[in-house]
Amino acid sequence: MKTPRGFLVFVLCATFAGPAAARGPNVTCESYDGARIRCDVPGDGRVWVDAQLSRTPCIEGENWERTSTGIVVDKGCRAIFGTSGSKEPENRDDSGFADLAGSPAKEAKAALLKRGYSHARSVHSAYLHVYFYSPDRRSCIEALSYDGRYQSLSVVGWENCMAPGTH
């Protein structure tokens, strides 16, 4: 019995290709007006530009980099980043907010309030800086809001949650 040549090629490719790399969530991280922005990435896996959103090319090492907790973009880099499926360490920082980056601000704020955070204060600049605190976690987080979305959320010093002149 003859085996079709294409079938053998398929079997060989499928046999030696190995398991497909697990894929994690996509993360949108955008620098507007040259601002340096940090975006959280769950886990510690690999990150790459999956879809370019800006006219400025996003080039690793020039206008974006992988950090221990996420991605930093600047100089107009805007992209959707693909991530590998590395498991996020349990209780990485016990912050309870990593999944909210890129979410609409109203929904993210409501989620933070449900998770036990309280709104501390807001500061207007090129971005809206919204600060939340959690007495249980003794932590303060800063959400950078732009265009109605929380572009990035990060743990900041406790003093940032206090009104100016109170610390």
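Look up a bit, the structure's there.
Since this is a predicted model, take the numbers as computed values, not measurements. (Residues numbered from 1 in each chain as written. Predicted model: local features only at pLDDT ≥ 70, side-chain atom pairs only at ≥ 80, totals over all residues. Heavy atoms only, no water.)

Q: Summarise the sheet that holds strand 5 (residues 70-73); cite the residues concerned and give the values.
A: Pairing in this open sheet of 3 strands is antiparallel, and the strands run 2-5-4 from one edge to the other. Taken across any chain shown, the strands that pair with only one partner, and hence form the sheet edges, are strand 2 (37-40) and strand 4 (64-66). Direction aside, the axes of adjacent strands within the sheet are offset by 20° on average. For strand 4 and strand 5, the ladder comprises 3 bridges, and the chain directions are antiparallel. (Pairing = 2+ DSSP bridges. Helix = DSSP H or I, 4+ residues; strand = E, 2+ residues; numbered from the N terminus. Axes fitted to C-alpha atoms, helices over the stretch in contact; angles between N-to-C directions.)

Q: Just give me the short version of the pairing of strand 5, but keep the residues and values in it.
A: Relative to strand 5, strand 2 runs antiparallel, the two sharing 4 bridges. When the bridges of strand 5 are listed, C39 appears paired with I71. A loop of 3 residues connects strand 4 with strand 5, the two strands running antiparallel in sequence.

Q: Hey, could you go over unusual backbone geometry for me, with residue numbers and the actual values?
A: Positive phi, close to 55°, is recorded for D33, a residue that is not glycine. Of note in this structure, K75 is not a glycine but carries a positive phi near 55°. Examined against the element boundaries, K75 turns out to sit in the loop between strand 5 and strand 6 (78-83).

Q: Describe the state of the cysteines, naming the residues involved and giving the relevant values.
A: All told, the structure shown has 3 disulfides when counted by the stated rule. The residue that forms a disulfide with C29 is C39, at a sulfur-sulfur distance of 2.1 Å. Measuring the twist about the S-S bond at about 85°, one finds the C29-C39 disulfide to be right-handed. Here C29, found in strand 1 (residues 27-30), pairs with C39, found in strand 2; they are 10 residues apart in sequence, far enough to count as distant. Like C39, C29 is buried. Bridging C58 to C77, the disulfide has an S-S length of 2.1 Å. Disulfide C58-C77: torsion about the S-S bond near 115°, hence right-handed. (Disulfide = S-S within 2.5 Å. Buried < 20%, exposed > 50% of the residue type's maximum accessible area, 1.4 Å probe, protein only.)

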